[in-house]
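Observations on the three-dimensional arrangement
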Amino acid sequence: MRMAIRQIRTIGDEILRKQCKPVKEMTPRTAELIEDMFETMYEANGVGLAAPQVGILRQLVVIDVDDGNQYVLINPEILETEGSQTGSEGCLSVPGKSGTVTRPMHVKVKALNEKLEPYELEGDGLLARAICHEIAHLRGELYVDIVEGELVDVGADEEEIAEEA
């Protein structure tokens, strides 16, 4: 299967503000999209990527927070959240910037995997942050909508260290 780096849409692109539609079936194009999204995310040193960030209005998210797993969340729905964490957050669609955002410390979601099989995922810390951040994209929301204080410039060196979701 050929993989391709897709163009990441950036803030100001109206597609990032639109509601995404559910994925109804796994087509070869959707399977290819998932592969491309992982490839694009890794190329950009991100930990998560949502389909609207590559111009596709579908409820599809990929996440890899270096815990040994690659998460595919199709039509995800947050079931419960617990606690809170406040930290620096970045976004591949808001390049060169980061800001302070409060997210749940623990999150439980239900979603479909790449075979469209239902499953539940629970995450803490960075995984919980990434899940909430990416699911917000599916509703047309960006972290800049809930940032506390000002966005700060991230230098090229720091960008790799910053939590890029």
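Within each chain, residues carry numbers counting from 1 in the order of the written sequence. Only residues with pLDDT of at least 70 get local features here, since the model is predicted, and only at 80 or more are side-chain atom pairs given and counted; chain-wide, interface and lining totals rely on the full set of residues. Side-chain numbers come from the whole structure's heavy atoms, not from hydrogens or water.

Examining the nonpolar core
In this description, a nonpolar core means a group of buried Ala, Val, Leu, Ile, Met, Phe, Trp, Tyr and Cys residues linked to one another through side-chain atoms lying within 4.5 Å. Each residue gets one of three labels from its accessible area relative to the maximum for its type: buried under 20%, exposed over 50%, partly exposed in between, using a 1.4 Å probe on protein chains only. Grouped together as the largest cluster of nonpolar side chains are 19 residues, with contacts concentrated most on Ile63, Leu73, Val109, Leu121, Leu127 and Ile131. Segments assigned H or I by DSSP are reported as helices when at least four residues long, segments assigned E as strands when at least two residues long, and all are numbered from the N terminus. Looking at this core, the elements with two or more residues in it are β2 (60–63), β3 (71–82), β6 (106–112) and α2 (125–138). Contacts were defined at the residue level, with two residues in contact if any of their heavy atoms lie within 4.5 Å. Leu73 has contacts with Gln59, Leu60, Val61, Ile63, Val109, Ala111, Leu112, Tyr119, Leu121 and Ile131, leaving out every residue within four places of it along the chain. Formed by 15 residues, the second largest nonpolar core is a distinct cluster that contains Ile34, Ala51, Val62 and Ile74.

Thoughts on the sheet that holds β3
Taking strand neighbours across the sheet as the criterion, the 5 strands line up as β1-β2-β3-β6-β7 in an open arrangement whose pairing is antiparallel. At either margin of the open sheet sits one strand with a lone partner, and together these are β1 (48–50) and β7 (118–124). Averaged over all pairs of adjacent strands, the angle between strand axes in this sheet comes to 40°, irrespective of strand direction. What makes two strands pair is DSSP finding at least two bridges between them. The pairing of β6 with β7 spans 7 bridges and is classified as antiparallel. Each residue of the ladder has a partner; that of His106, found in β7, is Asp124. Axes here refer to lines fitted to C-alpha atoms; in helices the fit is confined to the stretch in contact. Angles between the N-to-C directions go from 0 to 180 degrees. Relative to β2, helix α1 (residues 28–43) is tilted by about 40°, and along the sheet it contacts β1, β2 and β3.

Some details on the UniProt feature "binding site: Fe cation" (unreviewed entry) in the protein
In the numbering used here, UniProt assigns the feature "binding site: Fe cation" (unreviewed entry) to Cys91, His133 and His137. Taken along the chain, the residues just named run across 47 residues; in space they keep tight, none of their C-alpha pairs more than 10.3 Å apart. With respect to the helices and strands, the residue His133 is situated in helix α2. Here a polar contact means two N or O atoms within 3.5 Å. Within protein one must be a hydrogen donor candidate and the other an acceptor candidate, and residues neighboring in sequence count only if both atoms are side-chain atoms. Side-chain polar atoms of His133 contact the side chain of Glu89, separated by 2.6 Å. Accessibility expressed as a relative area gives 1% for His137, which makes it buried. Residues in contact with His137, not counting those within four places in the same chain, are Lys18, Cys20, Ala50, Pro52, Gln53, Cys91 and Leu142. UniProt positions are given in the numbering used here, feature names are shortened, and annotations may be inferred rather than shown by experiment.

Quick notes on the sheet that holds strand β4 (residues 85–91)
Hydrogen bonds along the backbone pair up the strands of a sheet, which may run parallel or antiparallel. Spatially, β4-β5-β8 is the arrangement adopted by the 3 strands of the open sheet, whose pairing is antiparallel. With one partner strand each, in any of the chains shown, β4 and β8 (148–153) form the two edges of the open sheet. Across the sheet, the mean angle separating the axes of adjacent strands is 25° when strand polarity is ignored. Note that β4 and strand β5 (residues 94–103) share 7 bridges and pair antiparallel. Residue pairing across strands places Cys91 opposite Val94, the latter belonging to β5.

What to know about the pairing of β8
In terms of burial, β8 is a largely surface element, 0 of the 6 residues being buried. Judged from the 3 bridges that link them, β5 and β8 form a sheet pairing that is antiparallel. Residue pairing for β8: Lys97 is matched across the bridge by Asp153.

Section: the state of the cysteines
Two cysteines form a disulfide when their sulfur atoms are joined by a covalent bond. Disulfide: a pair of cysteine sulfur atoms within 2.5 Å of each other. Summed over all chains, the structure comprises 0 disulfides. With no disulfide of its own, Cys20 lies 13 Å from the sulfur of Cys91, the closest cysteine sulfur. Not engaged in a disulfide, the cysteine Cys132 finds its nearest cysteine sulfur in Cys91; these two sulfurs lie 14 Å apart.

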